[in-house]
Amino acid sequence: MVTLKIDGREVQAEEGKTILEVARENNIYIPSLCYHEEVTPYGACRLCLVEVTGNGRERLVVSCLYEVADGLKVKTNSERIAANRQMIMELLLARCPNNQAIQELARQLGVEKTSFKLDDNQCMLCALCVRVCQEVVGVSAISLVNRGVDRALATPFYEPSDVCIGCGSCAYVCPVDAIRFEDIGDTRYIYWPNNKMEFKLKKCKTCGNYWAPEKELEYIRKQANLPADAFDNCPDCRE
Amino acid sequence: MAKTKTKRLSSPQELEALRELIVKGRDPNQSCIVICGGTGCLALGAQEVINAFKQEIEKGSLKNKLALRVTGCPGFCERGPLVVIKPKNILYQQVKSEDISEIVSATVKGNIVDRLLYTDPDTGQKITYEHEVPFYKKQKRLLLGDNSNIDPTIIEDYLALGGYATLSKVLFKMSPDKVIDEVKKAGLRGRGGGGFPTGVKWESCRQAQGDTRYVICNCDEGDPGAFMDRSLMEGNPHSVLEGMLIGAYAIGSHQGYIYVRNEYPLAVRNAGIAIKQAGELGLLGKNILGSGFDFSVKISRGGGAFVCGESTALMASLEGKVGEPRAKYVHTVEKGLWEQPTNLNNVETWANVPLIIKNGADWYAKVGTEGSKGTKIFSLVGKINNTGLVEVPMGITLREIIYDVGGGIPDNKKFKAVQTGGPSGGCIPESSLDLPVDFDQLTDVGSMMGSGGMIVMDENSCMVDIAKYFINFLEGESCGKCVPCREGLKRMSQILTDITEGRGKEGDIELLERLSATLADSSLCALGSTAPNPVLTTIRYFRDEYEAHIKDKRCPAGVCRELVTYLIDEENCPGCGLCVKACPVEAITDMGKKKPVVLDQEKCIKCGACYDVCKLGAIIRK
């Protein structure tokens, strides 16, 4: 265990944890968009910037990647931090002016409008969907393609993915609702910013409801080594 | 050159014996024609010159009288293709294949071809010898000097000059700690841009916990206008290998990588040949020189992404992943390539190592300033008379580099600024020309050493346009991972484009400054955090130019087309018609002799061809 100070408050933390993790455990708010406890931290949105003082040196670091250390002093807000967060929100607001989640976070951080020309995106490229698809689901159906300002979220070559199982984890984890899915009749539709896919849903043998994509169930069945009839019934009709 | 039969060397004595054998087989007084086969001279037609020399020597059966050596870059690219006659060091410049028979016959007779000598522009005097040419006089060519003594594809050339003897000394007479101490004492700082003390880095890597350790040579130089590392790797690859070997021994590494961009085909080729030849002689591989020390080097070719010169992105790329940087809160010397302790240095840093160990830290530290020791290679380009590669002692002033070595600005134009440190360096104005060049001084004026690019600008350069150029470059090279760099550079580029096209508004300068502060503070890697430098320095030193663009919709240098208008001064125009011929879009009409020409503003594309061609000042640029 190490002892550190966050905003003047002394807290105990496990070694190896990041400042953001420890702050959340202690109910200290640090804004962030690209962090999720289930996947490897990425450090791309830069909103979780904090000021740390250790070894007599003060510097800005991103709290989702910086590990706690004994005697570390952390400031989660200051004029400098606020100025950086506000500029980042101005940039995101210019990229995604019509995204409600981003508008809301911008307001919360004191940004009402952006100084830049407006684009019209929904996705802000935090790669949470990509990381969940790879690290949690384990299929890597989507990735970030192209470089720099042309960066985009897509399936390989923007074509329907062979490996996507239609589970919708990407939509679930997206912090700004840039990915959606809906089930209509016997079909699931997943809408990414640059492409769309359809999946056939499995019908429950007992109640007749369509309840999950066939590909997803087949994937889980194989991963968990379950018998062929494991998912014949939906969870409600299972014994 | 006679090739010695290769045999694995198994002791320092065998290495020394081989060196003596090579030296004995060579007559130091024999005339040797040295031709630069570096990329610059090849582009100017050096291959034809090389072929012509071969034919001429063959034709006259002069093989015993004249040796021929194709080497790497000696630096004076402006005057290429370059030919030097050794051992006297007679320099012939801008040599063409039709000059060859004259050079050969003069050389055999001991004469000199006067017309191919360099003329000093100040005195009008012809200069015979290479070392007397002003371009070379103020240089201190510790690293580049051997380029013209070595055919990089022949390891014997390097051995003849005592190559690998320093490695031998290290392996048998020095402990790893002693090597690290020596490098620390020499004060060598990383030449790739950061300027981190090399010895300290090595020590951290040696002390880090890990199963294995790696050393990497960064030859991913990608700055526009820079070719320092390229020329070293092309011209003297064994000096880089020897440096890596010494470093690997000091750190305790047995595997090295040279990460070189594939757009440097000659560097890739020569590094490959050097690794093969060193391996055949037992200078790489298992049990080097019988010391028990093993070390191998592999080449990894980069795909040409600028960001892959950043150490963590480079390592990701080497691992076969997308070349994107990661946060360096855990240093690469602790967890680098494949999560193992990894020491990365750039080409020039590695090439300095054998020199330091051979001559001692005290000798090395005599050159340079308090905080920056040794020499630095710069590629001097832009509006400068002597374009080329220059190696100067740290602490030399910018003025000396630009005027004494570089020969000043062409066409007697006025100097305006020099951009140092690559695309994320800063533009330094005339008032700072007497600045001694070292890592810290350049940082103080808002620029940086970077890897050593130096781009000179004259009065005809628009500083807003220059800032836009570098920001556009960086925007194209940003990996796109973090928000400030990806989105911030895009917005900077938009604002600068608006300013140069007449759409600048009040508040743009302040917005650029605010944006710059965020990029510097919060970007993930150095590409983003240093990217604002060209913008901030041009605002700091040339704010009036920004204001002229924004407030008066005027480009003082006459570069930004949307802000420039060309007019005919009817009083002064004699109707000579020169401008009519020069105009590429037929916007100017000849109205007959002694009548002023007429310029159609609708058709004019504002290229300035008429302005450049008119000697009477009858074209007005507003």
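In this text, all values refer to a predicted model and were calculated from it rather than measured experimentally. (Residues numbered from 1 in each chain as written. Chains lettered and ligands numbered in written order. Predicted model: local features only at pLDDT ≥ 70, side-chain atom pairs only at ≥ 80, totals over all residues. Heavy atoms only, no water.)

The next point concerns the domain arrangement of chain B. One can read the domain layout of chain B as domain 1 (29-136), domain 2 (162-365), domain 3 (375-458), domain 4 (463-551) and domain 5 (565-621). The C-alpha-based centres of domain 4 of chain B and domain 5 of chain B are spaced at 36 Å. (Domains from an automatic or database assignment.)

With that settled, the discussion passes to the nonpolar core. Core analysis: the largest hydrophobic core is formed by 119 residues, its most contacted members being Tyr 164, Ile 258 and Phe 295 of chain B. Per element, the largest residue contribution to this core is nine residues, and it comes from helix α11 (residues 237-251) of chain B. Not counting the four nearest positions on each side in its chain, Tyr 164 of chain B is found in contact with Leu 15, Ile 155, Tyr 158, Leu 159, His 238, Leu 241, Glu 242, Leu 245, Ala 278 and Leu 283 of chain B. Of all hydrophobic cores here, the second largest spans 96 residues; its members include Val 139 of chain A together with Leu 337, Ile 471 and Ile 499 of chain B. (Core = buried A, V, L, I, M, F, W, Y, C linked by side-chain atoms within 4.5 Å. Buried < 20%, exposed > 50% of the residue type's maximum accessible area, 1.4 Å probe, protein only. Helix = DSSP H or I, 4+ residues; strand = E, 2+ residues; numbered from the N terminus. Contact = heavy atoms within 4.5 Å.)

Attention now moves to the sheet that holds strand β9 (residues 187-191) of chain A. Sheet strands line up and pair through hydrogen bonds in the backbone, either parallel or antiparallel. Residues and elements named next belong to chain A. One open sheet holds the four strands; their spatial order is β8-β9-β10-β11, and the pairing between them is antiparallel. Strand pairing shows two members of the sheet lacking a second neighbour, β8 (180-184) and β11 (210-213), which therefore form its edges. The mean inter-strand angle of the sheet, taken between neighbouring strand axes irrespective of direction, is 30°. Bridging between strand β10 (residues 196-203) and β11 involves three bridges; their strand directions are antiparallel. In the strand pairing of β11, Leu 201 is matched with Pro 213. With respect to the sheet, helix α6 (residues 214-224) is in contact with β9, β10 and β11, its orientation differing from that of β11 by roughly 65°. (Pairing = 2+ DSSP bridges. Axes fitted to C-alpha atoms, helices over the stretch in contact; angles between N-to-C directions.)

Residues and elements named next belong to chain B. Under the counting rule described, the total for this entry stands at 47 salt bridges over all chains. Between Arg 503 and Asp 498 there is a salt bridge, and its shortest N-O distance comes to 2.8 Å. We classify Arg 503 as partly exposed; its relative accessible area is 44%. For Asp 498, a relative accessible area of 9% puts it in the buried group. As a salt-bridge pair, Arg 543 and Glu 513 come within 3.5 Å of each other at their nearest N and O atoms. A residue pair is termed long-range when its members are at least 10 positions apart, and Arg 543 in helix α22 (residues 533-551) and Glu 513 in helix α20 (residues 508-522) qualify at 30 residues. A residue is classified by how much of its surface remains accessible, and Glu 513, at 30% relative accessible area, is partly exposed. (Salt bridge = Lys/Arg side-chain N within 4 Å of Asp/Glu carboxyl O.)

Let us look at the environment of Asp 183 of chain A. Residue and element names in this part refer to chain A. With respect to the element layout, Asp 183 can be found in strand β8. Its relative accessible area of 39% is what places Asp 183 among the partly exposed residues. A C-alpha to C-alpha distance of 21 Å links Asp 183 and Val 132, two positions 51 residues apart in sequence. Within the structure, the side chain of Asp 183 is placed 2.8 Å from the side chain of Arg 188, a separation counted as a polar contact. (Polar contact = N/O pair within 3.5 Å; in protein donor to acceptor, adjacent residues only side chain to side chain.)

Turning our eyes to something else, we now look at the sheet that holds strand β13 (residues 415-420) of chain B. Residue and element names in this part refer to chain B. With respect to topology, five strands assemble into an open sheet ordered β12-β11-β15-β13-β14, the strand pairing being mixed. The open sheet has two edge strands with one neighbour each: β12 (388-393) and β14 (426-429). Ignoring strand direction, the axes of neighbouring strands in this sheet form an average angle of 30°. Packing against the sheet, helix α10 (residues 228-235) makes contact with β11 (375-382), β12 and β15 (453-458), and its axis sits at approximately 115° to β11. Its contacts with the sheet place helix α16 (residues 398-405) against β11, β12, β13, β14 and β15, and it is angled at close to 115° to β13.

The next point concerns the pairing of strand β2 (residues 9-13) of chain A. Residue and element names in this part refer to chain A. Sheet analysis places strand β1 (residues 2-6) next to β2, joined by five bridges and oriented antiparallel. If you follow Leu 4 over to β2, its bridge partner there is Val 11. Between β1 and β2, which pair antiparallel one after the other, the connecting turn spans two residues, and Asp 7 there sits at a positive phi close to 50°.

Residue and element names in this part refer to chain B. Throughout the structure, instances matching the rule amount to 18 aromatic pairs over all chains. Ring centres of Phe 76 and Tyr 118 lie 5.5 Å apart, and the angle between their planes is 65°; this geometry places the pair in the edge-to-face category. Taken together, the positions of Phe 76 in the loop between β2 (66-71) and β3 (83-86) and Tyr 118 in strand β5 (residues 118-119) put the pair 42 residues apart, joining distant regions of the chain. As far as the burial class goes, Phe 76 and Tyr 118 line up, both buried. Ring plane angle 55° and centroid distance 6.1 Å describe the contact between Tyr 214 and Tyr 257, whose orientation is recorded as tilted. Residue Tyr 214 is found in strand β7 (residues 214-219), and its partner Tyr 257 is found in strand β8 (residues 255-261); the two are separated by 43 residues along the sequence. (Phe/Tyr/Trp six-rings, centres within 6.5 Å; stacked < 30°, edge-to-face > 60°.)

Take the environment of Glu 182 of chain A next. Residues and elements named next belong to chain A. Topologically, Glu 182 is positioned in strand β8. In this view, Glu 182 contacts Thr 187, Arg 188, Tyr 189 and Tyr 191; residues no more than four positions away in its chain are not counted. One polar contact links Glu 182 to Tyr 191, side chain to side chain, over a distance of 2.8 Å.

Backbone geometry follows two general trends: most residues other than glycine have a negative phi, and most peptide bonds adopt the trans configuration. Residue and element names in this part refer to chain B. Of note, the bond from Gly 80 into Pro 81 is cis; its omega dihedral lies within 30 degrees of zero at -5°. By the secondary structure assignment, Pro 81 is in the loop between β2 and β3. Positive phi outside glycine occurs at Ser 61, with the angle close to 45°. Taking relative accessible area as the criterion, Ser 61 reaches 64% and is therefore assigned exposed. Located in the positive-phi region is Asn 287, a residue other than glycine, with phi close to 50°. Note that Asn 287 resides in the loop between α12 (265-280) and β9 (296-302). Residue Asn 287 is classed as partly exposed on the basis of its relative accessible area, which comes to 39%.

The subject of this paragraph is the interface of chain A and chain B. Tallying the contact residues gives 32 residues for chain A and 31 residues for chain B. Interface area for chain A against chain B, summed over the two sides, is near 2700 Å², with a carbon-plus-sulfur share of 55%. In this structure, the connection of chain A to chain B is made through eight salt bridges. Here Asp 498 of chain B makes a salt bridge to Lys 117 of chain A, at a shortest N to O gap of 3.1 Å. Counting across the chain A and chain B interface gives 21 residue pairs in polar contact (both at pLDDT 80 or more). (Buried area = accessible area lost by both parts, 1.4 Å probe.)

With that settled, the discussion passes to helix α14 (residues 347-359) of chain B. Each full turn of the α-helix corresponds to 3.6 residues, which orients residues three or four apart in the same direction. Residues and elements named next belong to chain B. Counting buried positions over the 13 residues of α14 gives 11, a clear majority of the element. For α14, the complete set of buried residues consists of Val 347, Glu 348, Thr 349, Trp 350, Ala 351, Asn 352, Val 353, Pro 354, Leu 355, Ile 356 and Ile 357. Capping the start of α14, Asn 346 holds a side-chain oxygen 3.2 Å from the backbone nitrogen of Glu 348, two or three residues further along. The first or second residue beyond α14 is Gly 360, which carries a positive phi of 95°.

Residue and element names in this part refer to chain B. Among the residues of α16, Leu 398, Ile 401, Ile 402 and Val 405 are the ones counted as buried. For α16, the buried positions fall inside an angular range of 120° around the axis, keeping them on one side. Tucked into the core, α16 has its buried residues touching α5 (134-137), β11, β12, β13, β14 and β15. (Arc of directions from axis to C-beta.)

With that out of the way, let us pick up the domain arrangement of chain A. For an interface, size is often stated in terms of accessible area lost upon the parts coming together. Residue and element names in this part refer to chain A. Looking at the assigned domains, one finds that chain A contains domain 1 (2-77) and domain 2 (128-224). Taking only C-alpha atoms into account, the centre of domain 1 sits 32 Å from that of domain 2. Summing both sides of the interface, domain 1 and domain 2 together bury roughly 710 Å²; the carbon and sulfur share of this comes to 59%. Across the contact surface, domain 1 and domain 2 share four residue pairs in polar contact (both at pLDDT 80 or more). Considering only residue class, the side of domain 1 that touches domain 2 consists of six nonpolar, two polar and one charged. (Nonpolar A, V, L, I, M, F, W, Y, C, P; charged D, E, K, R; others polar.)

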